[in-house]
Amino acid sequence: DVKVTQSSRYLVKRTGEKVFLECVQDMDHENMFWYRQDPGLGLRLIYFSYDVKMKEKGDIPEGYSVSREKKERFSLILESASTNQTSMYLCASIRAGSSYEQYFGPGTRLTVT
Amino acid sequence: AQSVTQLDSQVPVFEEAPVELRCNYSSSVSVYLFWYVQYPNQGLQLLLKYLSGSTLVKSINGFEAEFNKSQTSFHLRKPSVHISDTAEYFCAVAGTASKLTFGTGTRLQVTL
């Protein structure tokens, strides 16, 4: 079974802090994604990566950056956390060229106070 | 560009009643459609998918969805729901580079 893990289930940070969210997958998938999930807005793509050191902006990249130094790990970085970044963050991975089934981690609920 | 519309944000239903969750899509590339389910405090899991072939696709727990090209729809149905089906359901359409565009979700609340 594919396993996607996220470093924290719940996280509370203060405004202005630098925040790192980590995602690790164990199936050698090339493509990885970061989404945020908000009530009434569904899932929105922040960034994705299709290879090590490669990244592309999604629909809402402002205020975020990412890092992919190893194939299995994809990090989401909030350079200076703000209250409007309070949300659920979901990581997903998929094998390149497969049938689009993305495998999701359990999510990190981030609260910025 | 791709987009997905889920018209119902919440659907309350009694146990053993039928249910339909509606999904309409638009896509400028080949149409691959998905339903994902999110149980409380969990990530998303794939429920079923349409890639090609038969327009009626089924899940292992009794859900089914029908791809209707003329109506650009992919509605999810179950003839008799169970309390354990209470969850949020997301419809999604595939785009380029393995990306998915999700709808805003429908919360299915099953009560006795």
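See above for the structure.
Residues numbered from 1 in each chain as written. Chains lettered and ligands numbered in written order. Predicted model: local features only at pLDDT ≥ 70, side-chain atom pairs only at ≥ 80, totals over all residues. Heavy atoms only, no water.

Description of the nonpolar core
One recurring pattern in soluble globular proteins: nonpolar side chains tend to sit buried together.
Next, step 1: Ranked by size, the top nonpolar core spans 26 residues in total, and within it W35, L47, L48, F74, L76 and Y89 of chain B carry the most contacts.
Next, step 2: At four residues, strand β10 (residues 87-94) of chain B tops the list of elements feeding residues into this core.
Next, step 3: Excluding residues that lie within four positions of it along the chain, L47 of chain B makes contacts with W35, Y36, V37, S59, N61, F63, L76 and Y89 of chain B.
Next, step 4: If you look at the next biggest cluster of nonpolar residues, it comprises 20 residues, including M32, V66, L78 and L110 of chain A. (Core = buried A, V, L, I, M, F, W, Y, C linked by side-chain atoms within 4.5 Å. Buried < 20%, exposed > 50% of the residue type's maximum accessible area, 1.4 Å probe, protein only. Helix = DSSP H or I, 4+ residues; strand = E, 2+ residues; numbered from the N terminus. Contact = heavy atoms within 4.5 Å.)

Digging into the layout of surface pockets
Next, step 1: Taken as a whole, the largest pocket encloses approximately 450 Å³ of empty space.
Next, step 2: Roughly 180 Å³ of internal volume is contained in the second largest pocket.
Next, step 3: Those elements that place two or more of their residues in the lining of the second largest pocket are β10 (103-104) of chain A together with β6 (44-50) of chain B. (1 Å grid on protein atoms, 1.4 Å probe; cavity = no way out; pocket = protein on both sides within 12 Å on 5 of 7 lines; lining within 4 Å. Points joined across faces, edges and corners; volume = space filled by probe spheres on them.)

Re the pairing of strand β7 (residues 64-70) of chain A
All names here are of chain A.
Next, step 1: Across five bridges, the pairing between β7 and strand β8 (residues 73-78) is antiparallel. Bridge pairing in β8 links S67 to S75.
Next, step 2: Here β7 folds back onto β8 in antiparallel fashion, the turn holding two residues. (Pairing = 2+ DSSP bridges.)

A closer look at the pattern of salt bridges
Charged atoms that come close allow side chains of opposite charge to pair.
Residue and element names in this part refer to chain A.
Next, step 1: Counted by the stated rule, this structure contains 12 salt bridges over all chains.
Next, step 2: Of the charged contacts, one joins D28 and K71 as a salt bridge, the two residues approaching to 3.2 Å between their closest N and O atoms. Of this pair, D28 sits in the loop between β3 (19-25) and β4 (31-38) while K71 is found in the loop between β7 and β8, placing the two residues 43 residues apart along the sequence.
Next, step 3: For D28, a relative accessible area of 46% puts it in the partly exposed group.
Next, step 4: Residue class for K71 comes out partly exposed when judged on its relative accessible area of 26%.
Next, step 5: Members of the salt-bridge network, linked through shared partners, are D28, E30 and K71. (Salt bridge = Lys/Arg side-chain N within 4 Å of Asp/Glu carboxyl O.)

Remarks on the sheet that holds β8 of chain A
Residue and element names in this part refer to chain A.
Next, step 1: Strands sit in the order β1-β3-β8-β7 across an open sheet of four strands; the sheet is antiparallel. Strands at the two margins of the open sheet, each flanked by one partner only, are β1 (4-6) and β7. With direction set aside, neighbouring strand axes in the sheet form an average angle of 20°.
Next, step 2: Inspection of the sheet shows β3 paired to β8 by six bridges, in the antiparallel sense. When the sheet's bridge partners are listed, L21 is paired in β8 with L76. (Axes fitted to C-alpha atoms, helices over the stretch in contact; angles between N-to-C directions.)

Side note on the environment of K78 of chain B
Residue and element names in this part refer to chain B.
Next, step 1: Tracing the sequence through the fold places K78 in strand β9 (residues 73-78).
Next, step 2: Note on K78: relative accessible area 10%, which makes it buried.
Next, step 3: Taking the C-alpha atoms as reference points, K78 and N61, separated by 17 residues in sequence, lie 9.2 Å from one another.
Next, step 4: With sequence-adjacent residues up to four places away left out, K78 is seen in contact with A17, P18, V19, N61, G62, F63 and D85.
Next, step 5: There is a polar contact of 3.0 Å between the side chain of K78 and the backbone oxygen of N61.
Next, step 6: Among the polar contacts made by the side chain of K78, one reaches the side chain of D85 at a distance of 2.8 Å. (Polar contact = N/O pair within 3.5 Å; in protein donor to acceptor, adjacent residues only side chain to side chain.)

Things to note about the packing of aromatic side chains
Next, step 1: Enumeration over the complete set of coordinates arrives at 12 aromatic pairs over all chains.
Next, step 2: For the ring pair Y50 of chain B and F67 of chain B, a centre distance of 4.4 Å and an interplane angle of 20° mean the geometry is stacked. A residue pair is termed long-range when its members are at least 10 positions apart, and Y50 of chain B in strand β6 and F67 of chain B in strand β8 (residues 64-68) qualify at 17 residues.
Next, step 3: Connected via pairs of aromatic rings, a cluster forms that spans F33, Y35, F48 and F104 of chain A together with F34, Y36 and F102 of chain B. (Phe/Tyr/Trp six-rings, centres within 6.5 Å; stacked < 30°, edge-to-face > 60°.)

Some points on unusual backbone geometry
Next, step 1: Unlike most non-glycine residues, K53 of chain A shows phi in positive territory, near 65°.
Next, step 2: For K53 of chain A, the location among the structural elements is in the loop between β5 (42-51) and β6 (54-57).
Next, step 3: Unusually for a residue other than glycine, N41 of chain B sits at a positive phi of about 65°.
Next, step 4: Here N41 of chain B shows up in the loop between β5 (33-38) and β6.

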